[in-house]
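Understanding the architecture of this molecule
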Amino acid sequence: MIRRFAAGTAVATGLALSLTGCLGAAKDKAGETGTQIQLSAAQVLGKAAEKTGQTDTYKADVTIDGTMSQGSMKMHMVMQTRLRPTLAMAINIDSANVGGQSMPGGGGMEMRLVSDAMYMKIPGLAAQNNGKPWARMSLSALGGNYDQLLQQAQQQNPAEQTKLLTGSKDVREVGTENVGGVQTKHYSGTVSLNEALAKLDAQSRQKMEKAYQQLGTQKIGFDVWVSDDSLPRKIVSKVQTGMGAVNTTMLFSDFGKPVEVSAPPASEVGEFKMPSLGGN
């Protein structure tokens, strides 16, 4: 059960990454008006995408609430991410329920993405892993959902997410709010798949069109909170996929602060073996 839950959680995490970020390295030209001119909501998102794209690190507090055909999916995690010069992520999941299965043994789950491998630490896993608390999964060897996880992680940063939203034709300002102690302006809107893809270069458009078609997504509803320094502090997305509805809330902080992620000591790591999804 522990290995099955770990596999399901990794798939859910990959899905969450694909839903919360998607846009490649498209250049955005919005927000180039003079400082004396009142910016439109679309221009604010353009400036936020540009400004956030200049930062290499950030912290995200993520809540995912989905109603899938296989059952509900509820997760809460905190991610620390370094995009450059090399990708690294540290993910702490303190609660997760995937298809009616909660984390075995209670407690939390920790994941680290380093180079081409993901390391997972789950309560009770050591008993099935020769006494070693960590399990290593090679992303390149796991195929399918996992084979895309590295690329999705690289593209899920808030700059790429905000670029996606600049395709919206109906984004509008709805008020001001305090988010995490920072004063922000709140913007709300929707963006269709075609509107989002139109912002991409040909290569990125081809990759993301395929990914969205697999998810069965045609439209994204969103709310964004942007601070005076043009950084997104909160993004809420609402997506209908072929598997069900998924709502994701991301709170961003610690832009530009150092992030160091390393693999666990080799003596504490065993190799993760994918369970047969059709087995007992």
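Here we come to the overall build of the protein. A tally of regular secondary structure across the protein gives 8 helices and 13 strands. Per-residue burial for the protein yields a buried fraction of 49% across its 280 residues. Partitioning the contacts of the protein with sequence separation of at least 6, the portion at a separation of at least 24 is 60%. Total accessible area on the protein is roughly 13000 Å²; 49% of this is exposed by carbon and sulfur atoms.

A few words on the pairing of strand E3 (residues 88-98). Across 10 bridges, the pairing between strand E2 (residues 71-82) and E3 is antiparallel. Considered in E3, the bridge of Thr81 is made with Met89. Pairing of E3 with strand E5 (residues 109-114) involves 6 bridges; the strand directions are antiparallel. Residue Ile93 lies in a different strand from E5, and its bridge partner there is Met109. Linkage of E3 to strand E4 (residues 101-102), two consecutive antiparallel strands, is achieved through a turn of 2 residues, within which Gly99 is found at a positive phi near 60°.

Let us look at the confidence of the model for the protein. Averaged over every residue, the pLDDT of the protein is 77; residues scoring 70 or more account for 72%. Ranking the elements of the protein by mean pLDDT puts helix H1 (residues 2-20) last with 48 and strand E8 (residues 172-179) first with 96. Predicted confidence is poor over residues 18-37, with pLDDT under 50, and the contacts of this stretch with residues over four places away or in other chains come to 46 contacts. The low-confidence segment residues 275-280 (pLDDT under 50) makes 7 contacts with residues lying over four places distant or belonging to another chain.

We now examine the packing of aromatic side chains. Counted by the stated rule, this structure contains 2 aromatic pairs. For the ring pair Tyr58 and Phe252, a centre distance of 5.9 Å and an interplane angle of 70° mean the geometry is edge-to-face. Remark: Phe252 occurs in strand E12 (residues 244-253) and Tyr58 occurs in strand E1 (residues 57-68); sequence separation between them is 194 residues. Exposure remark for Tyr58: the relative accessible area of 1% places this residue in the buried category.

The rules behind each value
Each chain carries its own residue numbering, running from 1 in the written order of its sequence. The predicted nature of this model means local features are confined to residues of pLDDT at least 70 and side-chain atom pairs, given and counted, to a pLDDT of 80 or more, with totals for whole chains, interfaces and linings taken over all residues. To obtain the side-chain values, all non-hydrogen atoms of the structure were included, while hydrogens and water were left out. Here a strand is any run of E in DSSP of at least two residues, a helix any run of H or I of at least four, and the numbering for each starts at the N terminus. Relative accessibility decides the category of a residue: with a 1.4 Å probe and only protein chains considered, values under 20% of the type maximum give buried, values over 50% give exposed, and everything between is partly exposed. Throughout, a contact is declared for two residues whenever any of their heavy atoms are within 4.5 Å. In this description, accessible areas are obtained by the Shrake-Rupley approach with a 1.4 Å probe, and a residue is regarded as covered only by the protein chains that are shown. Here a strand pair is declared whenever DSSP counts at least two bridges between the two strands. Values of pLDDT, ranging from 0 to 100, describe the predictor's confidence in every residue of the model. Paired rings are identified among Phe, Tyr and Trp, the last through its six-membered ring, by centres lying within 6.5 Å, and are further divided according to the angle between planes into stacked (under 30 degrees), edge-to-face (over 60) and tilted (the rest).

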